[in-house]
Amino acid sequence: FGIHALLVVTVTLSPVTAAALSENDVTGEDDYPPLWDLAHENLLDFPVKDNKIVISAWSYQERLGVYKSLLNASAKYFGAFGPQNSGNILWGLPLQHGWQFRTGRLADPSGVTSCGYENGEHLCQSVRSWWSCMNYYLSIIPFLGAVEAGLFGQLPYEIEILPPEEQKDDFCYSVKDCWSRMPKLMDDWKAFFEYLLSTEHKAVSSATFSSFKLDDALGLMWEAHTTSIAYALPKFQDRLKYLSDPEATFGKDWANAVDFIAATHFCTDLPTTNNFQAFLPPRMLAEGDVLPSISDFSPQQNKVLVSLRALHKANKLTGGLLLKLWQKAMATEAGRELGRKLIEGLTSS
């Protein structure tokens, strides 16, 4: 039943993907998050104050710099999987964030401030944005887990994350603070980065990094990813009130779908994530948007939204049994390969 449900979702979508692929140049500038070239390259590019590297997590460009630092510091582990770090499985995180920025999902949805709007503070990320708050747990927490694991080596300074102007208690701001408040999240992300580091110790030279087991790395990364979402979802339930009903529903549908995708150890490298994201809505959903006939969305984008809705409803109706059955089917490498093929029907002809 679990496999059948996702098969229905995938079969619905797969006939439309060939056209989308032909429009997407997998080496083009558009494949990177907006303003990627302007983001800090590494941690020591951030300002240092009182012997601390200070990062403003509520600036899109600085959060992007956190991702870029992670991508650059981990690049050597993924050299065997694609040129120019394109095979790095951490690409899924900044690419999702870039899509959120490009579609206006990081701006203040309450309209009280100009945070995130082109005629205001364009690079500001609002603490009232559900997407921005959820993403904190998929950017700052992984980053601090990487710091703790030693991905950046011995840093000459501590890290300090600046708090937002309101709702400060919903976040943590340093390695020590996050460890004390959310040890499971930090532990899961640290475990992923420690796995990468352990392959370095086993390798005699960078040429032998190809012995690195991608399925294991993906398993650890998705475990941490889903833990972050599960922790953040109830915490930011109150932010959904600022969104239109269709957008709030889509956010919850998307969070549910991530659990199904994660179980397959889906590869989140640069080309795969870009192909996958072509089917996500190009703007926020508004009151009056009715599926499957949102006129300024492509037929593919409408179908994806319908499918995500159906998957979430089916999972709720079964009390989560659908996800449990799917996860059971994905418990072996052969099962996961089948699962990925179903999902990759989204991104191949």
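What comes next is a walk through the structure. Only a predicted model underlies this, so the values are computations on that prediction, with no experimental measurement involved. (Residues numbered from 1 in each chain as written. Predicted model: local features only at pLDDT ≥ 70, side-chain atom pairs only at ≥ 80, totals over all residues. Heavy atoms only, no water.)

When its secondary structure is counted, the protein shows 14 helices and three strands. The proportion of buried residues among the 349 residues of the protein is 54%. Counted over contacts in the protein with a minimum sequence separation of 6, partners at least 24 positions apart contribute 73%. Of the accessible surface of the protein, which amounts to about 15,400 Å², a share of 54% is contributed by carbon and sulfur atoms. (Helix = DSSP H or I, 4+ residues; strand = E, 2+ residues; numbered from the N terminus. Buried < 20%, exposed > 50% of the residue type's maximum accessible area, 1.4 Å probe, protein only. Contact = heavy atoms within 4.5 Å. Areas by Shrake-Rupley, 256 points an atom, 1.4 Å probe, with all protein chains shown as cover.)

Attention shifts here to the environment of proline 142. Looking at the secondary structure, you find proline 142 in helix H6 (residues 140-149). What makes proline 142 buried here is its relative accessible area of 1%. For the pair proline 142 and lysine 190, spaced 48 residues apart in sequence, the C-alpha separation works out to 7.6 Å.

What follows deals with the sheet that holds strand E3 (residues 158-162). Pairing within the open sheet is mixed, and its three strands lie in the order E1-E2-E3. Unpaired on one side and paired on the other, strand E1 (48-49) and E3 mark the two borders of the sheet. As judged from the two bridges shared by E1 and strand E2 (residues 52-56), these two strands associate in the antiparallel manner. Residue lysine 49 lies in a different strand from E2, and its bridge partner there is lysine 52. (Pairing = 2+ DSSP bridges.)

Our next topic: the layout of surface pockets. In this approach the atoms are scanned with a rolling probe the size of a water molecule, which exposes any empty space left behind. Considered as a void within the structure, the second largest pocket measures approximately 330 Å³ in volume. Every residue lining the second largest pocket is counted, 15 residues in all, and those nearest its centre are Cys115, Cys124, Gln125, Val127 and Glu165. When the residues that make up the lining of the second largest pocket are grouped by side-chain class, the tally is six nonpolar, four polar and five charged. (1 Å grid on protein atoms, 1.4 Å probe; cavity = no way out; pocket = protein on both sides within 12 Å on 5 of 7 lines; lining within 4 Å. Points joined across faces, edges and corners; volume = space filled by probe spheres on them. Nonpolar A, V, L, I, M, F, W, Y, C, P; charged D, E, K, R; others polar.)

Glycine aside, the phi torsion of most residues is negative, and most peptide linkages are trans. Of the consecutive residues leucine 291 and proline 292, the connecting peptide bond is found in the cis state with omega at 5°. Checked against the element boundaries, proline 292 lands in the loop between helix H11 (270-277) and helix H12 (299-317). In this structure, aspartate 50 takes a positive phi of about 50° despite not being glycine. Turning to its location among the elements, aspartate 50 is positioned in the loop between E1 and E2. Positioned with a positive phi, glutamine 167 is a non-glycine residue whose angle comes to about 55°. Within the secondary structure, glutamine 167 is located in the loop between E3 and helix H7 (175-181).

If you look at soluble globular proteins, the nonpolar side chains tend to sit buried side by side. Core analysis: the biggest nonpolar cluster contains 89 residues, and Phe143, Ile161 and Phe193 have the highest contact counts within it. Lining this core are residues from two domains, each supplying at least three of them: domain 1 (33-202 + 209-242) and domain 2 (244-348). Each residue touching phenylalanine 193, except ones within four places of it in the same chain, is listed here: Leu70, Leu90, Pro142, Gly145, Ala146, Ala149 and Leu151. Counting residues in hydrophobic clusters, the runner-up holds eight residues, among them Ala263, Leu322, Leu323 and Leu342. (Core = buried A, V, L, I, M, F, W, Y, C linked by side-chain atoms within 4.5 Å. Domains from an automatic or database assignment.)

Looking now at the packing of aromatic side chains. Within the structure shown, the criterion is met by 21 aromatic pairs. Centre to centre, the rings of tryptophan 58 and phenylalanine 171 are 5.0 Å apart; their planes meet at 75°, and the pair counts as edge-to-face. Linking tryptophan 58 in the loop between E2 and helix H3 (60-74) with phenylalanine 171 in the loop between E3 and H7, this pair joins segments that are 113 residues apart in sequence. Note on accessibility: tryptophan 58 and phenylalanine 171 belong to one class, buried. Ring centres of tryptophan 99 and tryptophan 131 lie 5.5 Å apart, and the angle between their planes is 85°; this geometry places the pair in the edge-to-face category. (Phe/Tyr/Trp six-rings, centres within 6.5 Å; stacked < 30°, edge-to-face > 60°.)

Here we take up the state of the cysteines. Inspection of the entire model under this criterion finds two disulfides. Across a sulfur-sulfur distance of 1.9 Å, cysteine 115 and cysteine 124 are joined as a disulfide pair. The sign of the S-S torsion, about -90°, decides the handedness of the disulfide formed by cysteine 115 and cysteine 124: left-handed. The disulfide that involves cysteine 172 links it to cysteine 178, with 1.9 Å between the sulfurs. Linking cysteine 172 and cysteine 178, the disulfide has an S-S dihedral of approximately 95° and is accordingly described as right-handed. Each member of the pair, cysteine 172 as well as cysteine 178, is classed as buried. (Disulfide = S-S within 2.5 Å.)

This paragraph deals with the packing of H12 against helix H13 (residues 321-329). At a minimum axis distance of 6 Å, the contact between H12 and H13 shows a crossing angle of 100°. As far as their axial angle goes, H13 and H12 are roughly perpendicular. In this structure, H12 contributes Leu311, Ala314 and Asn315 to the contact, and H13 contributes Leu321, Leu322 and Leu323. Across the contact of H12 with H13, the residue classes break down as five nonpolar, one polar and no charged. (Axes fitted to C-alpha atoms, helices over the stretch in contact; angles between N-to-C directions. Parallel < 35°, antiparallel > 145°, perpendicular 65-115°, else oblique.)

Purely spatial values, then, with no claim about function.
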